[in-house]
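Notes for the structure review
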Amino acid sequence: RGLVGSEMCIRDSYKMLAVKYMDLKMYGEAAKSLEKAIEIYPENPILFYLTGVCCGYMAKAQEDPDNRSHYLNLSEKYYKHALSIDPSYSDALYGLSVLYVFELNKPESAVSLLKSLLVKEKENTDAMFLLARAYYEMSQYERAIEMYNRIEKGSGSKIKKEEAERNKKKVEAEIYGK
């Protein structure tokens, strides 16, 4: 029993160290700490999610396209593993969706993830904006407009309503040539 407690303490120490590294934007070091935490507790989706975040940031720092691709693939792998442990883990659903829409040019892969997230968190405007963007990238302009309308009607934030309206007007201009 004491060993389990010690392992948890060590795992938490690695996780806390990783979060500190992330605060300092030292993502490579954070990923190393998280990998050590994963060795202790391999069924913790948060550890895999955070490692996916770190790998995504590491990808942005790479000038070599092969290295960038390597880190993006690692990021995807870690997010997917987090979701294999907890399929409804909101942060991992959103993180993987961001990766698909903005980094891997696979917006169609993000749609089902975002729909799952929005079933769980119906008023998650960040997920709605991302889903609208995915639809836009897939040339499903009417669906993008529907999502922006949903944000305008449901958001309590004036700023988000205005952003949704601006985005909707850009999509309509593209469709109708306005």
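Reference entry: report on the structure contained in this document. (Residues numbered from 1 in each chain as written. Predicted model: local features only at pLDDT ≥ 70, side-chain atom pairs only at ≥ 80, totals over all residues. Heavy atoms only, no water.)

1. Details of the overall build of the chain
Test applied: Secondary structure is summarised from DSSP: a helix means a run of H or I of at least four residues, a strand means a run of E of at least two, and numbering begins at the N terminus for each. Using a 1.4 Å probe on the protein chains alone, a residue whose accessible area is under 20% of its type maximum counts as buried, one over 50% counts as exposed, and one in between counts as partly exposed. Neither His nor the chain ends contribute to the count of charged residues, in which Lys and Arg are positive and Asp and Glu negative. For this purpose, a charge sits on NZ of Lys, CZ of Arg, CG of Asp or CD of Glu.
For the chain, the helix and strand inventory stands at nine helices and zero strands. Counting from the amino terminus, the chain carries its helices and strands in the arrangement α-α-α-α-α-α-α-α-α. Each principal axis of the C-alpha atoms in the chain carries an extent, and together these give about 65 × 40 × 25 Å. Burial statistics for the chain: of 178 residues in total, 41% are counted as buried. Of the side chains in the chain, 27 bear a positive and 27 a negative charge, and the two mean positions are spaced by 4 Å.

2. Notes on the layout of surface pockets
Stated precisely, the cut-off is as follows: Only protein atoms enter the 1 Å grid used here. Points where a 1.4 Å probe fits but cannot escape make up a cavity, open sets with protein on both sides within 12 Å along at least five of seven lines make up a pocket, and a residue lines them when an atom lies within 4 Å of a point. Grid points are joined across faces, edges and corners, and a volume is the space filled by probe spheres set on the points.
Considered as a void within the structure, the largest pocket measures approximately 290 Å³ in volume. Taken together, 15 residues form the lining of the largest pocket, with Phe102, Phe129, Arg133, Tyr148 and Asn167 sitting closest to its centre. Secondary-structure elements contributing two or more residues to the lining of the largest pocket are α5 (90-103), α7 (125-137) and α9 (158-176). Considering each element in turn, the lining of the largest pocket owes the most residues, six residues, to α7. Empty space within the second largest pocket amounts to approximately 250 Å³. Along its surface, the second largest pocket is lined by 13 residues, and Gly56, Tyr57, Lys60, Tyr79 and Val98 are the ones closest to its centre. When residues of the lining of the second largest pocket are traced back to their parent elements, those giving at least two are α3 (45-60), α4 (65-85) and α5.

3. What about the nonpolar core?
Test applied: Each nonpolar core is a collection of buried residues, namely Ala, Val, Leu, Ile, Met, Phe, Trp, Tyr and Cys, held together in the definition by side-chain atoms within 4.5 Å. For this analysis, residues touch if any pair of their heavy atoms sits within 4.5 Å.
Counting residues in each nonpolar core, the largest one holds 53 residues, and the members touching the most others are Tyr49 and Tyr148. Setting aside anything within four residues of it in sequence, one finds Tyr148 in contact with Phe129, Ala132, Arg133, Ala164, Asn167, Lys168 and Val171.

4. Topic: the pattern of salt bridges
Just so we agree on the cut-off: Salt bridges are defined by distance alone: a side-chain nitrogen of Lys or Arg within 4 Å of a carboxyl oxygen of Asp or Glu.
The full count for this structure, using the stated rule, is ten salt bridges. A salt bridge links Glu162 to Lys158; the shortest N-O distance between them is 4.0 Å. Pair noted here: Glu162 and Lys158 are both in helix α9, with a separation of four residues, about one helical turn. Within the structure, one salt-bridge network assembled from shared partners comprises Lys60, Arg68 and Glu103.

5. A word on α9
Note the threshold: Every helix has an expected span of 1.5 Å times one less than the residues it contains. As used here, the arc belongs to the directions running from the helix axis to the C-beta atoms.
Helix length check: α9, at 19 residues, gives a terminal C-alpha distance of 26 Å against a target of 27 Å (1.5 Å per residue), a fit within 8%. Among the residues of α9, those classed as buried are Ala164, Asn167, Lys168 and Val171. Seen along its axis, α9 keeps its buried residues to an arc of 105°; they face one direction. Away from its buried face, by an angle of more than 90 degrees, α9 presents the exposed residues Lys158, Ile159 and Lys170.

6. Quick look at the environment of Ser90
Quick note on the threshold: Whenever a nitrogen or oxygen atom comes within 3.5 Å of another N or O atom, the pair is scored as a polar contact, on the condition that within protein one atom can donate a hydrogen and the other can accept it, and that pairs from neighbouring residues in sequence are kept only if both atoms are in side chains.
Mapped onto the elements, Ser90 comes out in helix α5. A residue is classified by how much of its surface remains accessible, and Ser90, at 10% relative accessible area, is buried. Among all residues touching Ser90, those that are not within four sequence positions of it are Leu117, Lys120 and Glu121. One polar contact links Ser90 to Lys120, side chain to side chain, over a distance of 3.2 Å. A polar contact is formed between the side chain of Ser90 and the side chain of Glu121, at a distance of 2.6 Å.

7. A word on the packing of α4 against α5
Selection rule: Fitting a line to C-alpha atoms yields each axis, with helices limited to the stretch in contact; the angle taken between N-to-C directions then spans 0 to 180 degrees. Angle categories are assigned with fixed cut-offs, so that under 35 degrees is roughly parallel, over 145 is roughly antiparallel, 65 to 115 is roughly perpendicular, and the rest are oblique. Two helices crossing with the near one rotated counterclockwise from the far one by less than a right angle form a left-handed crossing, whereas a clockwise rotation gives a right-handed crossing. Amino acids are sorted into nonpolar (Ala, Val, Leu, Ile, Met, Phe, Trp, Tyr, Cys and Pro), charged (Asp, Glu, Lys and Arg) and polar (every other residue, Gly among them).
Where α4 contacts α5, the axes come no closer than 9 Å and their chain directions differ by 150°. Relative to α5, the element α4 lies roughly antiparallel. By crossing handedness, the relation of α4 to α5 is classed as left-handed. Of α5, the residues touching α4 (which contributes Arg68, Leu72, Ser75, Glu76, Tyr79, Lys80, Ala82 and Leu83) are Ala92, Leu93, Gly95, Leu96, Leu99, Tyr100 and Glu103. Split by residue class, the contact of α4 with α5 holds nine nonpolar, two polar and four charged.

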